[in-house]
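Letter by letter, the chains look like this.
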Amino acid sequence: MGERWRSAVPSLLSVALALGVCWVAIALTRDAEVAGEAYLQMLYGGLGQWPRFLETGDVGTLTRPLGEAAIKAAILLLTGLSVAVAFKAGLFNIGAQGQMLLGALMAALAGAHLSLPSVLHVPVALLAAAVAGAAWALIAAALKLLRGVHEVISTIMLNWVAVSLVDNWLAVGPLRASVSGGHSISGTAEILPSAQLPRMLGDLSRLNLGFVLALVIALLVWVGLFRTRRGFEIRAAGLGAEAARTAGIAVKQRTAEAMGLAGALAGLAGALLVLGTEFRYPGSLGAPYGFDGIAIALIGNSHPVGVTLSALFFGILRAGGTRMQLLGVHKSFPELIQGLALLFVAGRLVWLSLLRKRRAVSASTEVPRA
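Procedures and definitions
Residues numbered from 1 in each chain as written. Predicted model: local features only at pLDDT ≥ 70, side-chain atom pairs only at ≥ 80, totals over all residues. Heavy atoms only, no water. 1 Å grid on protein atoms, 1.4 Å probe; cavity = no way out; pocket = protein on both sides within 12 Å on 5 of 7 lines; lining within 4 Å. Points joined across faces, edges and corners; volume = space filled by probe spheres on them. Helix = DSSP H or I, 4+ residues; strand = E, 2+ residues; numbered from the N terminus. Buried < 20%, exposed > 50% of the residue type's maximum accessible area, 1.4 Å probe, protein only. Patch = residues over 30% accessible without salt bridge, like charges linked within 9 Å, V, L, I, M, F, W, Y side chains within 5 Å. Areas by Shrake-Rupley, 256 points an atom, 1.4 Å probe, with all protein chains shown as cover. Salt bridge = Lys/Arg side-chain N within 4 Å of Asp/Glu carboxyl O. Nonpolar A, V, L, I, M, F, W, Y, C, P; charged D, E, K, R; others polar. Axes fitted to C-alpha atoms, helices over the stretch in contact; angles between N-to-C directions. Parallel < 35°, antiparallel > 145°, perpendicular 65-115°, else oblique. Left-handed = near helix turned anticlockwise from the far one by under 90°. Contact = heavy atoms within 4.5 Å.

## Observations regarding the layout of surface pockets
As a volume, the second largest pocket reaches approximately 580 Å³. Every residue lining the second largest pocket is counted, 30 residues in all, and those nearest its centre are Glu-68, Lys-72, Arg-318, Ala-319 and Thr-322. For the lining of the second largest pocket, the elements supplying multiple residues, two or more each, are helix H2 (32–47), helix H4 (60–88), helix H11 (251–278), helix H13 (304–320) and helix H14 (333–346). Take the lining of the second largest pocket: its biggest share by element is 8 residues, from H4.

In structure tokens:
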């Protein structure tokens, strides 16, 4: 446990430093009082307005912000897990955004054009999204394993292929919703009610079953990676392919499995967005949650527990960012915090060096017992 805690310290320090730097930036451009109030409003937007709730008893002041935070956290969690699973296999999956686009499109098509009872419709749409994301990721895996193409190059290129294919052609062309009543509709047709993820609090919040699903998936990923033989083999292949191959592990197969799972997770993230909030594939997905997954995975130390905590934290900040506009602070500040935290995590060796020096000083000043 001590070793796990020490491995988490650089991420915690990086997030704290990013929060501090952004607070100073607001204080310098405005003043310290505005900076403090902006951070408070950001917390209200993500965790709920507790003072107002205690004063008025209005439950909606809590459930609405918490629901928005949970929606964003669920998507960040799945894209973060997508990147983290690939990391464990020694792969750098930059392609979660493209895999998410394909997953979202397939979820929208399955949700709109299949007529099934809700108990089947939602799982079928989720499965379609997972299969689409996995298939897109396996293209990169095949290029790596058969032709030696590095996955960073192939996944970056596949991202833009996905954008051109989905956003610039299919969603606005062949798969565009039919126009009715003289009004132009952006994106694909709206999914059927039977394909929508159920809301857990009704009209009190947009919180839907996707949040619970994301947490369950995170638990299953943890079990799969750290409590099964196949997960051990994936991690062993990531730590040293030649050593793993010598030990009798099918490295190519495990690499393909890890990349396919990473793509499936990103595809499911797209499904949560479509089935939970958008209810169609819009003209463009907009938020680059797939790229955000890289930051979430690195800050979470590529461990399912760390990724979950990182996604929850930044989901809260992202949900609360809009309330910062009340004070004239741009709503993208939480994204700046996330980016700076990633930058500081990249200097992980500096944090580890400082921690080692601190332990060495503590050991040298310890008074030996008689």
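## Quick word on the environment of Val-223
Mapped onto the elements of the fold, Val-223 is located in helix H8 (residues 209–226). The class of Val-223 is partly exposed, set by a relative accessible area of 31%. Counting along the chain gives 52 residues from Val-223 to Leu-275, while the straight-line C-alpha distance between them is 26 Å.

## Topic: a nonpolar patch on the surface
A surface patch of nonpolar side chains, about 630 Å² in accessible area, is lined by Val-59, Met-200, Leu-201, Leu-204, Leu-209, Val-212, Val-216 and Leu-220. Structurally, Leu-204 can be placed in the loop between helix H7 (151–170) and H8.

## Things to note about empty space enclosed by the protein
Evaluation of the coordinates by the stated rule reveals 2 cavities of 30 Å³ or more. By volume, the largest cavity is sized at about 40 Å³. Lining the largest cavity, in full, are Ile-71, Ala-74, Ile-75, Asn-208, Gly-210, Phe-211, Leu-272 and Leu-273. When residues of the lining of the largest cavity are traced back to their parent elements, those giving at least two are H4, H8 and H11. Ranked by the residues each element gives to the lining of the largest cavity, the list is headed by H4, at 3 residues. Residues belonging to the lining of the largest cavity are distributed by class as follows: 6 nonpolar, 2 polar and no charged.

## Side note on the packing of helix H5 (residues 96–113) against helix H12 (residues 289–299)
Between H5 and H12, whose axes approach to 6 Å, the crossing angle comes to 135°. By the angle between their axes, H5 is oblique relative to H12. In the crossing of H5 with H12, the sense of the turn from one axis to the other is right-handed. Here Ala-96, Gln-97 and Met-100 of H5 come into contact with H12, specifically with Tyr-289, Gly-290 and Phe-291. Of the residues that constitute the contact of H5 with H12, the class distribution is 4 nonpolar, 2 polar and no charged.

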